[in-house]
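# Residue-level structure breakdown
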Amino acid sequence: MERLVFPEHFIWGSATAAYQVEGAAHEDGRGASIWDRYCAIPGNVQGGDTGDVACDHYHRFREDVALMKELGLRAYRFSISWPRVLPQGRGEVNEKGLAFYSDLVDALLEAGIEPYVTLYHWDLPQALQDEGGWANPQMPSYFLRYARLIFDRLGGRVRHFITLNEPYCAAFLGNYEGRMAPGLHDFSTAVRCAYHMYVGHGLAVRAFRESGLPGEIGITLNLMGRLPLTDSPADAQAARRADGYLNRWFADPILKGSYPQDMAELYRAQGVVLPEVEPEALRLMSQPLDFIGLNYYNDFYVRSEPSRWPLGFAIENPKNLPVTDRDWPITEAGFTDMLLRLTREYGVKKILVTENGASFHDVVGLDGQVADGARCDYLRRHIRAMHAAMAQGAPVEGYFVWSLMDNFEWACGYGSRFGVVHVDYATQKRTVKQSGRWYAELIARNAVD
Ligand code: IFM
């Protein structure tokens, strides 16, 4: 296969998130998050797993940074645990929590690795959930205060900020589908949460600009193709609704300054209570960003299912598709398409792929190696697909593999491994997988074979 070379300053990184790797859930003054509460409810997380210890990154971050350096990573995307720095969500600051992030940033910079900081990757302080969570109209201002604290303490050393990670998951999976914290099942609440998240995002972006800090700020969206299962008109319409639910409801306000009207009408017709959208709020959420972060894993297929309120569709993949161990189809052409859609339909000028990766059942062999050829193949396909999009004009400037290491995979607990580094949770031993070595070689060559 032809070797595909990347631009000279292309950013190769890896990503994690606080609750998934840090552990130290009850140490140094950290407050409770909605994920602590969610995990404590039997049945929510496979195996009853929690993020209490996770990868113990809180104590082992120096070892992990050394590993990143060994792999030649140029950037590390991690998130701040809001309740670690503001245990009650607002009010008193926890200096010990802030010191952890400050030390992590210093260790990264010393190793020549650029920090990319996500402000909100789903671990809302439980104290704020007790006040209604993201459905509370005060939330945007609480988020603004939290964001200002982080800009103030880490700004300058950190030059890349991401306001929200995958607002679709945080708002809709958490508050409507109940598959994530806080585990609610109310669509009107979920839509209100999504709205407040975006107002908070807008306020944080404005504050970053006003601060005069050097660097850039953006948001990370998970956008994935929703393809009709058959060529029937009903499935085509269902796929359009699924696209509206997952993709357009989140991309349009940020990138077009409007909510998709077809979806708003559909929701209203189904009795969903939509928030009163203030024109000023729309201006705030659609102000220019320095980049859009795209998390891409796979496309899904959709069939019409009129009985399913409020959208009338169901996910059903064709039987013969290659899949990962989560049964997620491997659809790299959809990655090219989504990058081109951001470029052509949405006019995005700079894209960072802030997550891409795959879960497989990895084992450490008797020889001490983790032979995860299937992950190498997945990554290779997707990195080539990204290159194909770039060749057609997609302005992609960086790629972060999900994930640096195996970690707490939300409702799947520790049963789902995404890392290019294996973690033995009993001993916390890290073992670089075949995919980690493969990725390191790719970075060194700045090219994919
Ligand atoms: O682990 C998650 C991450 O937190 C957000 N994006 C998808 C990943 C894999 O499910």
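The shown structure was predicted, so the numbers you read here are calculated from the model rather than taken from an experiment.

## A short note on the nonpolar core
Trp35, Trp82, Phe172 and Met386 are the most contacted members of the largest nonpolar core, which has 163 residues in total. Contacts of tryptophan 82, omitting those with residues within four sequence positions, involve Gly89, Tyr120, Asp123, Leu124, Pro125, Leu128, Trp134, Met139, Tyr142, Phe143 and Tyr146.

## Quick word on the layout of surface pockets
It is the rolling of a water-molecule-sized probe over the atoms that shows where space remains empty. Empty space within the largest pocket amounts to approximately 1000 Å³. If you trace the largest pocket, you find 38 residues lining it, with Tyr168, Leu173, Glu177, Arg179 and Phe300 closest to the centre. Contributing elements (two or more residues each) for the lining of the largest pocket: helix 8 (167–175), helix 10 (233–255) and strand 10 (313–315). For the lining of the largest pocket, a count of residues per class yields 23 nonpolar, 6 polar and 9 charged.

## Brief notes about the packing of helix 3 (residues 57–71) against helix 5 (residues 95–110)
Relative placement of two packed helices is described by the angle separating their axes and the distance separating the axes. In the contact formed by helix 3 and helix 5, the axes pass within 10 Å of each other and the chain directions differ by 10 degrees. Taken together, the axis directions place helix 3 and helix 5 in an arrangement best described as roughly parallel. Residues His57, Tyr58, Phe61, Arg62, Val65 and Met68 of helix 3 form the contact with helix 5, whose participating residues are Lys96, Phe100, Asp103, Leu104, Ala107 and Leu108. Here the residues of the contact of helix 3 with helix 5 sort into 8 nonpolar, 1 polar and 3 charged.

## As for the site of the ligand
Around the ligand, the structure places Gln20, His121, Trp122, Asn165, Glu166, Tyr297, Trp328, Glu355, Trp402, Glu409, Trp410 and Phe418. Between the ligand and the protein, one listed contact pairs a nitrogen atom with a side-chain N or O atom of glutamate 166 at 2.7 Å. Glutamate 355 is positioned with one of its side-chain polar atoms (N or O) 2.5 Å from a nitrogen atom of the ligand. Considering the ligand on its own, with 280 Å² of exposed area, one finds that the protein chains cover 95% of that surface. In a pocket analysis with a 2 Å cut-off to the grid points, the ligand is assigned to the largest pocket. Within the shell around the ligand, the residues separate by chemical class into 6 nonpolar, 3 polar and 3 charged.

Calculation notes
Residues numbered from 1 in each chain as written. Predicted model: local features only at pLDDT ≥ 70, side-chain atom pairs only at ≥ 80, totals over all residues. Heavy atoms only, no water. Core = buried A, V, L, I, M, F, W, Y, C linked by side-chain atoms within 4.5 Å. Buried < 20%, exposed > 50% of the residue type's maximum accessible area, 1.4 Å probe, protein only. Contact = heavy atoms within 4.5 Å. 1 Å grid on protein atoms, 1.4 Å probe; cavity = no way out; pocket = protein on both sides within 12 Å on 5 of 7 lines; lining within 4 Å. Points joined across faces, edges and corners; volume = space filled by probe spheres on them. Helix = DSSP H or I, 4+ residues; strand = E, 2+ residues; numbered from the N terminus. Nonpolar A, V, L, I, M, F, W, Y, C, P; charged D, E, K, R; others polar. Axes fitted to C-alpha atoms, helices over the stretch in contact; angles between N-to-C directions. Parallel < 35°, antiparallel > 145°, perpendicular 65-115°, else oblique. Near = heavy atom within 4 Å. Polar contact = N/O pair within 3.5 Å; in protein donor to acceptor, adjacent residues only side chain to side chain. Areas by Shrake-Rupley, 256 points an atom, 1.4 Å probe, with all protein chains shown as cover. Sits in = over half its atoms within 2 Å of the grid points.

Fair warning: the whole summary comes from geometry, so function is off the table for now.
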